[in-house]
Amino acid sequence: MTVLKTGRRPAPSAPTERRGGPRAERWRARLLVAPMSLYVVLFFVAPLILLLVYSLGRIDVLTFEVSFGWTLDNYRALVDGVYVGAIVRSLVLTVTATAACVVIGFPVALAISRLRGPLRTLCLVGVVVPYWISFVVRTYAWLDLLAPNGLANKFLTALHLIPDGTELRYSTFAIGVGMVYGYLPLMILPIYVALERIDPAMIEAGHDLGLGRTKVFWKIIVPLAMPGTIAGALLVGIPATGEYTIPAILGGQKTLMAGNVAADQFLGTGNFPFGAAIGSALMGIMLAVMFASRRRLDRLEDIA
């Protein structure tokens, strides 16, 4: 910095303010957020509020007109054995399918993460390719695979797990298989991303400390991949809880699940309030699971 002859240093120039000041900046930020906020309100918040409003109404069994008297009778009707059984069955199948996706998806994601070059890309494409085909078409394909003379049936028969000619279609087992197949990629990809972020130096440090491969896997790899596993469980469990298509195709209307019961209330009997109550109950269960998972993820991030 140059010094004047008087020995005084020149006064620092004042920082230039952006045009319009802080208030204009806030308005610009709001305008940028406005389109996405409007989208969320119109297509997510508003339908959920409408669902809750309908769940508190009642229907006239003669005219099928809905009146909003803010009653909880629809929620009380959920304790009926038929509907409780459908909800419990949905939750049990969801937990089972999610656990199966973890057991199958974790080794697959781990194997892909250890590959290099084009082979890794090819495997990732192989995981995603089924999503290029219609979900309904892929689900209908399992009717042929699970038929008495189908490929899956013959494979299980060769392993002496089922008798020859067993009918596996239109059963709870078929629904579970369809759910695992349909949602497995949603489990593999988040776990793969979490495994990719693990520093190889941490695994090498575990070996240097005398840990074998098994202990390194359970004490280092699994805990560090837990955020991806939880994310995958949410991606699988949330849509699986209210699944409608798979039970309708592979269950053959023989296995009642919450999604099918709710759809029947809307499309069959026209009892919108009770169907909305079933949907609201499932939404409440899923929100509770999401909040619990969020807390678990926060703790894992604090540890990391």
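Every residue gets a number counted from 1 within its own chain, in the order that chain's sequence is written. Since the coordinates come from a predicted model, pLDDT governs what is reported: local features require at least 70, and pairs of side-chain atoms require 80 or more to be given and counted, while whole-chain, interface and lining totals use all residues. Side-chain calculation: all heavy atoms of the structure are included, whereas hydrogens and water are not.

## Topic: the packing of aromatic side chains
Turning to step 1, where the next piece is worked out: Each Phe, Tyr or Trp ring (for Trp, its six-membered ring) is paired with any other whose centre lies within 6.5 Å, and the angle between the two planes then decides the class: stacked below 30 degrees, edge-to-face above 60, tilted in between. Within the structure shown, the criterion is met by 10 aromatic pairs.
Turning to step 2, where the next piece is worked out: Geometrically, the ring pair formed by F135 and Y183 is tilted, given 6.4 Å between the ring centres and 40 degrees between the ring planes. Residue F135 is found in helix α5 (residues 135-145), and its partner Y183 is found in helix α7 (residues 172-196); the two are separated by 48 residues along the sequence.
Turning to step 3, where the next piece is worked out: Residues F217 and W218 carry aromatic rings whose centres are separated by 5.1 Å and whose planes lie at 80 degrees to one another, so their mutual orientation is edge-to-face.
Turning to step 4, where the next piece is worked out: Residue classification places W218 among the exposed positions, given a relative accessible area of 56%. To qualify as a helix, a DSSP run of H or I must reach at least 4 residues; to qualify as a strand, a run of E must reach at least 2; elements of each kind are numbered from the N terminus. Relative accessible area decides the class of each residue, using a 1.4 Å probe on protein chains only: under 20% of the type maximum gives buried, over 50% gives exposed, and in between gives partly exposed.

## Brief notes about the nonpolar core
Turning to step 1, where the next piece is worked out: Among the nonpolar cores identified, the biggest contains 40 residues, and F106, M179, L195, I221 and L250 are the most heavily contacted of them.
Turning to step 2, where the next piece is worked out: Elements that contribute at least two residues to this core include exactly α3 (81-113), α5, α6 (151-158), α7, α9 (213-224), α10 (226-241) and α11 (245-250).
Turning to step 3, where the next piece is worked out: Per element, the largest residue contribution to this core is 13 residues, and it comes from α7.
Turning to step 4, where the next piece is worked out: When checking whether two residues touch, look at their non-hydrogen atoms; a contact exists if any pair is within 4.5 Å. Setting aside anything within four residues of it in sequence, one finds L250 in contact with T139, W142, L143, R169, Y170, S171, A174, I175 and G178.
Turning to step 5, where the next piece is worked out: Counting residues in each nonpolar core, the second largest holds 10 residues, with A258, V261, I278 and M286 among its members. Throughout, nonpolar core names a set of buried Ala, Val, Leu, Ile, Met, Phe, Trp, Tyr and Cys residues whose side chains join them through atoms within 4.5 Å.

## Focus: the packing of α7 against α10
Turning to step 1, where the next piece is worked out: Convention adopted: a line fitted to C-alpha atoms gives each axis, helices being fitted over their contacting stretch, and angles between N-to-C directions are expressed from 0 to 180 degrees. Contact geometry for α7 and α10: axes closest at 7 Å, N-to-C directions at 155 degrees. When the axes of α7 and α10 are compared, the pair comes out roughly antiparallel. The hand of the α7/α10 crossing is right-handed. Residues M179, Y183, L186, M187, P190, I191 and A194 of α7 pack against G228, T229, A231, G232, A233, L235, V236, P239 and A240 of α10.
Turning to step 2, where the next piece is worked out: Throughout, the ten residues Ala, Val, Leu, Ile, Met, Phe, Trp, Tyr, Cys and Pro are labelled nonpolar, Asp, Glu, Lys and Arg are labelled charged, and all others, Gly among them, are labelled polar. By residue class, the composition of the contact of α7 with α10 is 13 nonpolar, three polar and no charged. By definition in this entry, angles of less than 35 degrees are roughly parallel, angles greater than 145 are roughly antiparallel, angles of 65 to 115 are roughly perpendicular, and the rest are oblique. Should the near helix be turned anticlockwise from the far one by less than a right angle, the crossing is left-handed, and should it be turned clockwise, the crossing is right-handed.

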